[in-house]
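One letter stands for each residue in the lines below.
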Amino acid sequence: MSTSPALRGPFKAWLFDLDGTLVDTAPDLGHAANRVRAELAMEPLPLPVYRPVASAGARGLLGVALGIGPEHADFPQRRDSFLAHYRAELCRESVLFPGLDPLLVQAELRGLPWGVVTNKPGWLTRPLLKALRLETRCACAISGDDVPRPKPAPDGLLQACAQLGLTPGEVVYVGDDRRDIEAARAAGMPSIAAGWGYIGEAGPAESWQADAVAESVAELARLLG
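Bear in mind that the values here come from a model prediction, so they are computed numbers and not experimental data. (Residues numbered from 1 in each chain as written. Predicted model: local features only at pLDDT ≥ 70, side-chain atom pairs only at ≥ 80, totals over all residues. Heavy atoms only, no water.)

Novice: I'm lost on the sheet that holds strand β8 (residues 212–214) in this one. Help?
Specialist: One key point about sheets: their strands pair by backbone hydrogen bonds, in either a parallel or an antiparallel sense. A sheet is described by the order of its strands in space; here six strands give the open sequence β5-β4-β1-β6-β7-β8, paired in parallel fashion. Either end of the sheet is taken by a strand with one partner, and the two such strands are β5 (140–142) and β8. Averaged over all neighbouring strand pairs, the angle between strand axes comes to 20°, with direction disregarded. Docked against the sheet, helix α6 (residues 155–164) engages β1 (13–16), β4 (114–117), β5 and β6 (171–175), running at close to 155° with respect to β5. (Pairing = 2+ DSSP bridges. Helix = DSSP H or I, 4+ residues; strand = E, 2+ residues; numbered from the N terminus. Axes fitted to C-alpha atoms, helices over the stretch in contact; angles between N-to-C directions. Contact = heavy atoms within 4.5 Å.)

Novice: Would you mind going over the pairing of β4 with me for this structure?
Specialist: Looking down a regular strand, the side chains alternate between one sheet face and the other. In β4, alternate side chains face the same way, and those of Trp114 and Val116 on one face and Gly115 and Val117 on the other are all buried. Examined bridge by bridge, β1 and β4 share three bridges and lie parallel to one another. In the strand pairing of β4, Trp14 is matched with Trp114. Of the strand pairs in this sheet, β4 and β5 are connected by three bridges, and their pairing is parallel. (Buried < 20%, exposed > 50% of the residue type's maximum accessible area, 1.4 Å probe, protein only.)

Novice: Sorry, what's going on with the layout of surface pockets here?
Specialist: Where empty space is left becomes clear once a probe the size of a water molecule has been rolled over the atoms. The computed volume of the largest pocket comes to approximately 580 Å³. As for the largest pocket, its lining consists of 27 residues, of which Ala56, Gly57, Ala58, Asn119 and Lys120 are closest to the centre. Within the residue set of the lining of the largest pocket, elements represented by two or more residues are α2 (57–66), α3 (75–88), α5 (122–131) and α7 (178–187). A per-element tally of the lining of the largest pocket places α3 first, with five residues. Each residue belonging to the lining of the largest pocket can be placed in one class, and the counts come to twelve nonpolar, five polar and ten charged. (1 Å grid on protein atoms, 1.4 Å probe; cavity = no way out; pocket = protein on both sides within 12 Å on 5 of 7 lines; lining within 4 Å. Points joined across faces, edges and corners; volume = space filled by probe spheres on them. Nonpolar A, V, L, I, M, F, W, Y, C, P; charged D, E, K, R; others polar.)

Novice: Would you explain the packing of aromatic side chains in this entry?
Specialist: Here a ring pair, both rings aromatic, is described through the centre-centre distance and the interplanar angle of the planes. By the definition in use, this model includes three aromatic pairs. With centroids separated by 6.4 Å and ring planes inclined at 5°, the aromatic side chains of Phe82 and Tyr86 adopt a geometry described as stacked. Of the two residues, Phe82 and Tyr86 both sit in helix α3, four residues apart, roughly one turn of that helix. We classify Phe82 as buried; its relative accessible area is 1%. (Phe/Tyr/Trp six-rings, centres within 6.5 Å; stacked < 30°, edge-to-face > 60°.)

Novice: Help me understand the packing of α3 against α5, please; the structure alone is not making it clear to me.
Specialist: Two measures define how a pair of helices packs: the angle their axes make with one another and the distance between the axes. Here α3 crosses α5 at 20°, and the two axes come no closer than 11 Å. In terms of their interaxial angle, α3 and α5 are classed as roughly parallel. For the pair α3 and α5, the sense of crossing is left-handed. Only Trp123, Leu124 and Leu128 of α5 make contact with α3, whose side of the interface consists of Leu83, Tyr86 and Arg87. (Parallel < 35°, antiparallel > 145°, perpendicular 65-115°, else oblique. Left-handed = near helix turned anticlockwise from the far one by under 90°.)

Novice: When you look at the nonpolar core in this model, what are you seeing that I'm missing?
Specialist: In globular proteins that are soluble, nonpolar side chains generally tend to be buried together. Judged by nonpolar contacts, the single largest core of 50 residues is most densely connected at Trp14, Phe16, Leu22, Phe82, Trp114, Ile192 and Leu220. Filtering out sequence-adjacent residues up to four positions away, Leu220 remains in contact with Phe16, Leu100, Leu103, Val174, Ile192, Trp196 and Ala214. Counting 17 residues, the second-largest nonpolar core is a separate cluster that includes Ile142, Cys161, Leu164 and Ala187. (Core = buried A, V, L, I, M, F, W, Y, C linked by side-chain atoms within 4.5 Å.)

Novice: It is not clear to me how the environment of Thr118 should be interpreted in this structure. Could you clarify?
Specialist: Structurally, Thr118 can be placed in the loop between β4 and α5. C-alpha of Thr118 to C-alpha of Glu170: the two residues are 52 residues apart in sequence and 19 Å apart in space. Beyond its immediate sequence surroundings of up to four residues, Thr118 is in contact with Asp17, Leu18, Asp19, Thr125, Ile142, Ser143, Gly144 and Lys151. Of note is the side chain of Thr118, whose polar atom sits 2.9 Å from the backbone nitrogen of Lys120. (Polar contact = N/O pair within 3.5 Å; in protein donor to acceptor, adjacent residues only side chain to side chain.)

Novice: Just to check I follow, could you spell out the side chain of Asp17 for this structure?
Specialist: Looking at the secondary structure, you find Asp17 in the loop between β1 and β2 (23–24). Polar contacts involving the side chain of Asp17 include one to the side chain of Lys151, which spans 2.9 Å. Among all residues touching Asp17, those that are not within four sequence positions of it are Leu22, Val117, Thr118, Lys151, Tyr173, Val174, Gly175, Asp176 and Asp180.

Novice: Which parts of the structure should I look at to understand unusual backbone geometry?
Specialist: Peptide bonds are trans in most cases, and residues, glycine excluded, mostly fall at negative phi. Here the residue pair Lys151 and Pro152 is connected by a cis peptide bond, since its omega of 25° sits within 30 degrees of zero. Inspection of the secondary structure assignment puts Pro152 in the loop between β5 and α6. A positive phi is found at Ala41, a non-glycine position, where the angle reads about 60°. Relative to the helices and strands, Ala41 is located in the loop between α1 (26–39) and α2. Here the phi dihedral of Gln209 falls at roughly 65°; this positive angle occurs in a residue that is not glycine.

Printed below as a string of C-alpha cells:
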C-alpha cells in the first residue's frame, strides 16, 4: 500500500462510490441480468461472472449476459427490461462490504460527515440507500442524474463539496472504478482506489493514478486514520 503526498489527513469528510465500493450490489445486478436472459429462454449465468462488470451498469451487465453493447439495435429494450427487473428487486442480497459499517459508525461518532457520489440514477440510489438504512446516515447522496455530467466528470464530487460546505482538498473520495479516480483528479480531490471492489476491465487499480490503493477495508481504515 503506497500513498502520495496528496493523501494527508485528517480529512473533514469521506465520499464513497456506491456499487462495488460501499455496497456489494453485484448479486442483485446479476440476478436482474439473468431475468433478461430468462425472457429470451436462456439459462442463467453464475452470478460471479457478473461481478467484474457490475460497476459498468447496464452496459457491463448486458455485455456479459447477452453479448451486446449500446450500439446494438436491441440494447435499449433489453436495458429497460434489465432496469425494471433490478428496480423490482433492488435489495435482495445487496449489503455493505464487510468492515465498512464499523468504519462509518466511527466517522459518525467523531462527527465526521460521509456521503455517496455515484453514476447510478437517483430513482435507484435513493431506494437502495433507504433499504439499507443509510439514507438518514449519509450527509449527501449525489446520483448521476443530479448533475449535468456523470463521472469521470467532477460535477458530482463538486456538488457534494458544495452541500458539505467544504473544499475538494478537505475531502477524500473512495472508488472502485477508473472513472472515480479520474473524477476526483478533475475535482482536485484526493482519492483512494478500492481494491476490494469490482475493478473489472479497468484494472489494475495501481494504474489509475489514485493517491492510494486500499486492497481491503482494513487498509482503508488505516489510510483514513
